[in-house]
Amino acid sequence: AEFFDFELGVRVAAPVKAAGRMKPGELPSARVARTVYTGPYEGLPGAWGDFMMWISANGHAPAGDLWEIYTVGPQSTPDPANWQTELYRPLKG
C-alpha cells in the first residue's frame, strides 16, 4: 500500500498543542499567486492546470508546496456550481 502525508488546516485564535496524531503547524511567509475557482470539486484539476499555465505565462516559477482553501462548499450551499475554492501557489523569487 502507498501512503502520503497531507495537512489539513483550520484558522485558530490561539496556538494549539499536539494531541495524538495531530501536530500544530503554520504556513511560512512567502510570495504566492492566488486565484479563486468557482464550481464543483471535480473541476479542480483543470483549474490548477489553467492556474499553472497563467503562472508560467506571466514569468513566474512555482516553488514549494501548494494549498487550497474551501471557502464555499457543501457546508454552505448544496449547489456545486456555487462552491468556491481558493488556490495558492508559492512563487520563486
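If you're wondering where the values come from, they're calculated on a predicted model, not measured in any experiment.

1. Some points on the packing of aromatic side chains
Moving on, step 1. Enumeration over the complete set of coordinates arrives at four aromatic pairs.
Moving on, step 2. Each ring, one from Y41 and one from Y70, has its centre 5.5 Å from the other, and the planes form 75 degrees; the classification is edge-to-face. Of the two residues, Y41 is situated in the loop between strand 1 (32-38) and helix 1 (44-57) and Y70 in strand 2 (residues 67-72); the sequence distance between them amounts to 29 residues.
Moving on, step 3. The interplanar angle of 40 degrees and the centroid separation of 4.7 Å between the aromatic rings of Y41 and W83 together place this pair among those described as tilted. Placement of Y41 in the loop between strand 1 and helix 1 and of W83 in the loop between strand 2 and strand 3 (84-90) is noted, with a sequence separation of 42 residues between them.
Moving on, step 4. According to the relative accessible area criterion, Y41 is partly exposed, its value standing at 28%.
Moving on, step 5. When its relative accessible area of 11% is taken as the criterion, W83 is described as buried.
Moving on, step 6. Taken together, Y41, Y70 and W83 form an aromatic cluster joined through their ring pairs.

About the cut-offs
Residues numbered from 1 in each chain as written. Predicted model: local features only at pLDDT ≥ 70, side-chain atom pairs only at ≥ 80, totals over all residues. Heavy atoms only, no water. Phe/Tyr/Trp six-rings, centres within 6.5 Å; stacked < 30°, edge-to-face > 60°. Helix = DSSP H or I, 4+ residues; strand = E, 2+ residues; numbered from the N terminus. Buried < 20%, exposed > 50% of the residue type's maximum accessible area, 1.4 Å probe, protein only.

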